[in-house]
Number of protein chains: 2
Amino acid sequence: MTSPAVSSRDLPHPAREEIRLEGVLHALSDPMRLRIVRELAAVSDELSCSHFDLPVTKSTTTHHFRVLRESGVIRQIYRGTAKMNGLRRDDLDGLFPGLLDALLDAAARQAVRLGST
Amino acid sequence: MTSPAVSSRDLPHPAREEIRLEGVLHALSDPMRLRIVRELAAVSDELSCSHFDLPVTKSTTTHHFRVLRESGVIRQIYRGTAKMNGLRRDDLDGLFPGLLDALLDAAARQAVRLGST
DNA sequence: CGACTCGTACGATAGGCATCGTAGTACGAG
DNA sequence: CTCGTACTACGATGCCTATCGTACGAGTCG
């Protein structure tokens, strides 16, 4: 379902076969990025960068989204001025069956354990 | 000899509740450490540091084992001159059910995909 | 005791990275 | 065209880390 409405700006994504486990783990080992991924998984839809209210500046937010994209965890598409972010669930599940769910479950358990919601 | 075998040297380990998902993911995001953990899981037994034939110096090897221990992934015990390393499977499975297996499976799939053993 | 093995400690180095601020670009609305 | 919004690019900074080499401590065995 690739929408044809792509602005002139194209963002480089790794192909499915180029995604490396170490890269994914490194991307998710940052609390800020894990939080982003958890939120994306919760809504199972695309979200704009500005939707996230992270305790860092916009520059840093851009950096984190790029790390997630370049590691193959999320897909980013420009839609007007907004940049939509979606989890690459199909690719990740295809490469590493059960991993994403296990990671999300682990993150959720830890959040409960540490008193966050 | 099955003595209490607690040499004077004791190594600090995080308690189960202190293990953080981010720390575990960071520890496993290094190829050298992921390799160590895969080998430990394969034999499901304790292995001495010297058993591993890593393409780095002994200093660096020590460093990696310490990262794994301090993140809660492995347990280290001195046994004579040797230092035995074992996966903390019980603790990890207790905190994050299914995560370790999913990670090991993902690593194995990637190894196959990339033509390594 | 002395020699040998296993692993550590410490210092150095080079690169990576999370963060910021500022200046700038792309896009849509008025 | 102009303005505001959304996001980026770039440079700087301070911290972390993977790596090495060398010197050392702990334990075993002759």
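The shown structure was predicted, so the numbers you read here are calculated from the model rather than taken from an experiment.

This chain's UniProt record puts "domain: HTH arsR-type" (unreviewed entry) on residues 13-107 of chain A. Taken end to end, residues 13-107 of chain A has its terminal C-alpha atoms 25 Å apart, with 53% of it in helix and 15% in strand.

Turning next to the relation of the copies chain B and chain A. Once turned by 180° and shifted 0.0 Å along the axis, chain B lies on chain A with an RMSD of 0.1 Å. Viewed as a symmetry operation, the transformation between the two copies matches a two-fold axis. Here 100% of the contact residues of chain B are again contact residues in chain A; the copies associate through an equivalent surface.

Residues and elements named next belong to chain A. Judged by pairing direction, the sheet is antiparallel, and its three strands sit side by side in the order β1-β3-β2 without closing on themselves. The sheet is open, and its two edges are formed by β1 (47-48) and β2 (74-79), each paired on a single side. Pairing between β1 and strand β3 (residues 82-87): two bridges, direction antiparallel. Bridge pairing in β3 places L47 opposite N85.

With that settled, consider the protein's contact with DNA strand D. Taken together, 26 residues form the shell around DNA strand D, and within it T62(A), K83(A), S59(B), H63(B) and H64(B) come nearest. Each atom of DNA strand D within 4 Å of the protein was classed as base or backbone; sugar and phosphate made up 75%. R33(B) places a polar side-chain atom, nitrogen or oxygen, 2.9 Å from a phosphate oxygen of DNA strand D. Within the contact set of DNA strand D, a base oxygen lies 2.8 Å away from a side-chain nitrogen or oxygen of S59(B). Elements represented by at least two residues in the surface near DNA strand D include exactly α3 (58-70) and β3 of chain A together with α2 (31-43) and α3 (58-70) of chain B. When its residues are assigned to classes, the surface near DNA strand D shows five nonpolar, 15 polar and six charged.

Thresholds, definitions, all that
- Residues numbered from 1 in each chain as written.
- Chains lettered and ligands numbered in written order.
- Predicted model: local features only at pLDDT ≥ 70, side-chain atom pairs only at ≥ 80, totals over all residues.
- Heavy atoms only, no water.
- UniProt positions renumbered as here; feature names shortened; annotations may be inferred.
- Helix = DSSP H or I, 4+ residues; strand = E, 2+ residues; numbered from the N terminus.
- Least-squares fit on C-alpha atoms with pLDDT ≥ 70 in both.
- Contact = heavy atoms within 4.5 Å.
- Pairing = 2+ DSSP bridges.
- Near = heavy atom within 4 Å.
- Polar contact = N/O pair within 3.5 Å; in protein donor to acceptor, adjacent residues only side chain to side chain.
- Nonpolar A, V, L, I, M, F, W, Y, C, P; charged D, E, K, R; others polar.

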